[in-house]
Amino acid sequence: MIALVSAALAGACTDTPLPQGPLTAALQPGDLGRARTACLRSEVGLGGGAALVIDTADFYGRIQLMGTVDGRIALPDVNLSIDLGVEPYRSDSVIAPISVGAAGLGASWVGATWQFEEADRSVLALTSRVVLPTASGAQNARPLAADIGLVGQYQWTEKTSVHGGLTLYGNRMVGPGPAVPRTAMSGLVGLAFQPTGGFALVLDVPMSVAWSAPVDYLALSPGVRVGTGPWALELGVMKPLAGGDRTLLAADLRTSIRFD
């Protein structure tokens, strides 16, 4: 019995189709500044998301819709994975006394995860991402952004794991307009309960400071993951509870096929 329990607990990263680590719901284009999984895997994914701002006191609203295509390739011999992605479509509509909107190609990105420490029940990795200035709709400048972070995962019990990370991120505008550089720090801690290989519940607590306010947001982010064979589906929502960010709710639905 002891041997069976030890085998079940061995390894923070599993070979199930379900994603591991934080949910994909985020507020920044290209998921800039979002903590990512410390586990290496090869997969392709397709997703869609939305974010909603409602500020009736200031007669202001904002609706963002986006679709994403992404993929990751694991290189286990060097403890590295490479990820690529693009938002083939993003729309951003501002509802105000003078309403504006834009739609078209969104952000694209390239990133990497280097897993530098792996024990029986835990894993640590460095992650980084560059979000390229491909978004359409800008007049004089487009954002070029990047982040770098430390992420980890710990297999607490046979069915429960803890994950988290700290990420430094920033951007600057490229083009004839002013550069307007800025930086911020984000953090996340989360819990995943996976009673079977094809089902998991996730609860994340993300936060960000110094992007547009001393505290941008402290949020609650629940989600569910299901999967079978190499296929998985994840639905996550993000609800800011405090801070200067006026987003009412963000949501992301992503399906993926794992092939490693």
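Our structure's up above, just so we're on the same page.
Residues numbered from 1 in each chain as written. Predicted model: local features only at pLDDT ≥ 70, side-chain atom pairs only at ≥ 80, totals over all residues. Heavy atoms only, no water.

## Points about the pairing of strand β9 (residues 182-196)
Just so we agree on the cut-off: At least two DSSP bridges between two strands are required for those strands to pair. Only DSSP runs of H or I covering at least 4 residues are called helices, and only runs of E covering at least 2 are called strands; the numbering of each starts at the N terminus.
For strand β8 (residues 160-174) and β9, the ladder comprises twelve bridges, and the chain directions are antiparallel. Looking at β9, one finds that Gly-164 is bridged to Val-189. For β9 and strand β10 (residues 199-209), the ladder comprises ten bridges, and the chain directions are antiparallel. From the neighbouring strand, Gly-190 faces β10, where its bridge partner is Asp-204. In sequence, β9 turns back onto β10 through a hairpin of two residues.

## Some details on the pattern of salt bridges
Heads up, the rule is: Within this document, salt bridges are pairs made up of a side-chain nitrogen of Lys or Arg and a carboxyl oxygen of Asp or Glu, the two lying within 4 Å of each other. A 1.4 Å probe rolled over the protein chains alone gives each residue an accessible area, and that area as a share of the maximum for its type sets the label: buried under 20%, exposed over 50%, partly exposed in between.
Overall, the coordinates contain eleven salt bridges when judged by the stated rule. Of the charged contacts in the structure, one is a salt bridge between Asp-55 and Arg-246, with a shortest N-O distance of 2.8 Å. Of this pair, Asp-55 sits in strand β1 (residues 43-55) while Arg-246 is found in the loop between β12 (231-242) and β13 (247-258), placing the two residues 191 residues apart along the sequence. Taking the shortest distance from any N to any O, the salt bridge between Asp-260 and Arg-258 comes out at 2.6 Å. On the accessibility criterion, Arg-258 (13% relative accessible area) is buried. Taken together, the shared-partner salt bridges in this structure form one network comprising Arg-41, Glu-43, Asp-70 and Arg-254.

## Some remarks on the state of the cysteines
Condition: Note on disulfides: each one is a pair of cysteine sulfur atoms within 2.5 Å.
Counted according to the given criterion, the structure contains one disulfide. One disulfide in the model links Cys-13 with Cys-39; its S-S distance is 2.1 Å. Disulfide Cys-13-Cys-39: torsion about the S-S bond near -90 degrees, hence left-handed. One end of the pair, Cys-13, is in the loop between α1 (2-9) and β1; the other, Cys-39, is in the loop between α1 and β1, with 26 residues separating them in the sequence. In this structure Cys-39 comes out as buried when scored by relative accessible area, which is 2%.

## Some remarks on empty space enclosed by the protein
Where we set the bar: Whether a set of points on the 1 Å grid over the protein atoms alone is a cavity depends on a 1.4 Å probe fitting there but being unable to get out, while an open set qualifies as a pocket with protein on both sides within 12 Å along at least five of seven lines; lining residues are those with an atom within 4 Å of a point. Grid points are joined across faces, edges and corners, and a volume is the space filled by probe spheres set on the points. As a working rule, the residues Ala, Val, Leu, Ile, Met, Phe, Trp, Tyr, Cys and Pro are called nonpolar, Asp, Glu, Lys and Arg charged, and the rest polar, with Gly in that last group.
Under the counting rule described, the total for this entry stands at one cavity of 30 Å³ or more. Put simply, the largest cavity is a space of about 550 Å³. Around the largest cavity, the lining comprises 38 residues; the ones closest to its centre are Thr-24, Asp-31, Arg-34, Arg-129 and Arg-254. For the lining of the largest cavity, a count of residues per class yields twelve nonpolar, eleven polar and 15 charged.

## Structural notes on the side chain of Ser-208
Heads up, the rule is: Contacts described as polar in this section are N or O atom pairs within 3.5 Å, which, within protein, must combine one atom able to donate a hydrogen with one able to accept it, while residues neighboring in sequence count only if both atoms come from side chains. In this description, contact between two residues means that some pair of their heavy atoms is separated by no more than 4.5 Å.
When you line up the elements, Ser-208 lands in strand β10. At a separation of 2.6 Å, a polar atom in the side chain of Ser-208 contacts the side chain of Tyr-169. Polar side-chain contacts of Ser-208 include one of 2.8 Å to the side chain of Asp-216. Apart from the residues lying within four places of it in its own chain, the contact partners of Ser-208 are Tyr-169, Ala-184, Met-185, Ser-186, Val-215, Asp-216 and Tyr-217.

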